[in-house]
Amino acid sequence: MQRNNSRTTDFTVRETATLTPFLMKAFDGISRSKIKAILAGSGVTVNRKVVKQFDYTLRPGDVVTVSKHKSRAVLRSRFVRLVYEDAWIVVVEKSVGILSMASSLHALCVKSVLDDYFRKSGQKCTAHVVHRLDRDTSGLLVYAKTIEAEQILEHNWRNIVTDRRYVALVSGRMEQKAGTVRSWLKDNKAYYTYSSPTDNGGKFAVTHFSTLQATDSYSLVELKLETGRKNQIRVHMQDLGHPVCGDIKYGNGDNPVGRLALHAFRLNFYHPVTREPLSFETPMPKLFTGVFR
């Protein structure tokens, strides 16, 4: 089934297929190299998610959308990978070593990378910060492209986000397979976050954890946030006696992977404008799982 409008052509997949042959058949006579160029320019989405993988597997019911406009500039950055983009929001995966937003006027950050990409691709918008990851934490982030989307996300964050999970490599063998940490978190004047089992005037924080893999030396732990406080995971793992590896602030000096071993791998939320449920997930960093080989 094919639908056309002034900006895109939509196809509904009827049977399992591979993306490139599917498009070659849909656009009779189009070359494989032309399709690869469209894919590279973020001109193809599957179920509204940008797909650049030429051998992506399509399932019955999938909606493939091909832009009729020239390919936009490609986001090229060793720090930021584009995961999803539409008129209102953009979802990216950030690497270790870059801030979510600038701490000074000219500091390199995800926002500045996105603003440069928007400018080069002719989009009249800027990236609005909705939430943050620490400089040394990698993983998924959503930014708004309009004030409207930013305001909806900011003021309804806890209701809009349905699942937000991290994976961490921590020091030592976890005693519990799963559990929950609850405490109040408060910063001192040196910006060190302290945890208290009773109300210390700080913010109440809840972290759910489950152990995925463990040896006597290290554990791989999945963490689900019920609240999103500053340094929450790092402090709560310290509370459990198993700090995140590579954490120079709340850790014990254990660093087998040469970085802070914390990665935001899942982010599910309702689209701020369309209300469509969106789900994003990235693979666990190979550095983390490699420790167990």
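The present account deals with the structure reproduced in this document. Computed from a predicted model, the values in this text were never measured in an experiment.

**A short note on the nonpolar core**
Nonpolar side chains tend toward joint burial in soluble globular proteins.
Here comes step 1: The biggest cluster of nonpolar side chains holds 43 residues, and the ones touching the most others in it are Val-80, Val-92, Leu-114, Tyr-143, Tyr-166, Leu-223 and Val-244.
Here comes step 2: Those elements that provide at least two residues to this core are strand E8 (80-85), strand E9 (89-94), helix H3 (110-120), strand E11 (138-144), strand E12 (161-171), strand E16 (218-225), helix H6 (232-239) and strand E17 (262-270).
Here comes step 3: Leave out the neighbours within four places in its chain, and Leu-223 touches Arg-164, Arg-165, Tyr-166, Ala-168, Thr-207, His-208, Phe-209, Ile-233 and Met-237.
Here comes step 4: Membership of the second largest hydrophobic core comes to 17 residues, among which are Ile-89, Val-130, Leu-140 and Leu-267.

**Describing H3**
Here comes step 1: Buried within H3 are the following residues: Val-110, Val-113, Leu-114, Tyr-117 and Phe-118. Summarising the axial view, the buried residues of H3 lie within an arc of 135 degrees, below the 170-degree limit, and thus occupy one face. Away from its buried face, by an angle of more than 90 degrees, H3 presents the exposed residues Arg-119 and Lys-120.
Here comes step 2: Residues of H3 that are buried sit in contact with E8, E9 and E11.

**Concerning the side chain of Asp-247**
Here comes step 1: Position of Asp-247 among the secondary structure elements: in the loop between H6 and E17.
Here comes step 2: Non-local contacts of Asp-247, meaning those with residues more than four positions away in its chain, are made with Arg-234 and Leu-260.

**Remarks on the packing of aromatic side chains**
Here comes step 1: This model, assessed by the stated rule, comprises eight aromatic pairs.
Here comes step 2: Ring centres of Phe-11 and Phe-27 lie 5.2 Å apart, and the angle between their planes is 85 degrees; this geometry places the pair in the edge-to-face category. Placement of the pair is Phe-11 in strand E2 (residues 8-12) and Phe-27 in the loop between helix H1 (19-26) and helix H2 (32-40), with a sequence separation of 16 residues.
Here comes step 3: The class for Phe-27 is partly exposed, based on a relative accessible area of 27%.
Here comes step 4: Every member of this aromatic cluster is reached through a ring pair, and the members are Phe-11, Phe-22 and Phe-27.
Here comes step 5: Cation over ring: Lys-49 sits above Phe-280, and NZ or CZ is 5.0 Å from the ring centre.

**Let's talk about the environment of Ala-102**
Here comes step 1: Structurally, Ala-102 is set in the loop between E9 and H3.
Here comes step 2: Classification of Ala-102 as partly exposed rests on a relative accessible area of 33%.
Here comes step 3: The spacing of Ala-102 and Ser-112 is ten residues in sequence and 7.8 Å in space, taken between C-alpha atoms.
Here comes step 4: Setting aside residues up to four positions removed in sequence, Ala-102 forms contacts with Ala-107 and Cys-109.

**Quick word on the side chain of Thr-227**
Here comes step 1: Examined against the element boundaries, Thr-227 turns out to sit in the loop between E16 and H6.
Here comes step 2: Of the polar contacts made by the side chain of Thr-227, one reaches the backbone nitrogen of Val-206; its length is 2.9 Å.
Here comes step 3: Within the structure, the side chain of Thr-227 is placed 2.9 Å from the side chain of Gln-232, a separation counted as a polar contact.

**Let's talk about the environment of Val-257**
Here comes step 1: Position of Val-257 among the secondary structure elements: in the loop between H6 and E17.
Here comes step 2: You can call Val-257 buried: its relative accessible area is 10%.
Here comes step 3: Here the alpha-carbon distance between Val-257 and Leu-169, two residues 88 residues apart in the chain, equals 9.1 Å.

**Concerning the state of the cysteines**
Here comes step 1: The tally for this structure, following the rule as stated, stands at zero disulfides.
Here comes step 2: Not engaged in a disulfide, the cysteine Cys-125 finds its nearest cysteine sulfur in Cys-109; these two sulfurs lie 15 Å apart.

**Looking at H2**
Here comes step 1: Within the sequence span of H2, burial applies to Ile-35, Ile-38 and Leu-39. Down the axis of H2, the buried side of the element spans an arc of 100 degrees, and every buried residue falls inside it.
Here comes step 2: Contacts from the buried residues of H2 go to H1, strand E4 (44-46) and strand E7 (63-67).
Here comes step 3: Note on H2: the residue one or two positions beyond its end, Ser-42, has a positive phi of about 60 degrees.

Conventions and cut-offs
Residues numbered from 1 in each chain as written. Predicted model: local features only at pLDDT ≥ 70, side-chain atom pairs only at ≥ 80, totals over all residues. Heavy atoms only, no water. Core = buried A, V, L, I, M, F, W, Y, C linked by side-chain atoms within 4.5 Å. Buried < 20%, exposed > 50% of the residue type's maximum accessible area, 1.4 Å probe, protein only. Helix = DSSP H or I, 4+ residues; strand = E, 2+ residues; numbered from the N terminus. Contact = heavy atoms within 4.5 Å. Arc of directions from axis to C-beta. Phe/Tyr/Trp six-rings, centres within 6.5 Å; stacked < 30°, edge-to-face > 60°. Lys NZ or Arg CZ within 6 Å of the ring centre and 35° of its normal. Polar contact = N/O pair within 3.5 Å; in protein donor to acceptor, adjacent residues only side chain to side chain. Disulfide = S-S within 2.5 Å.

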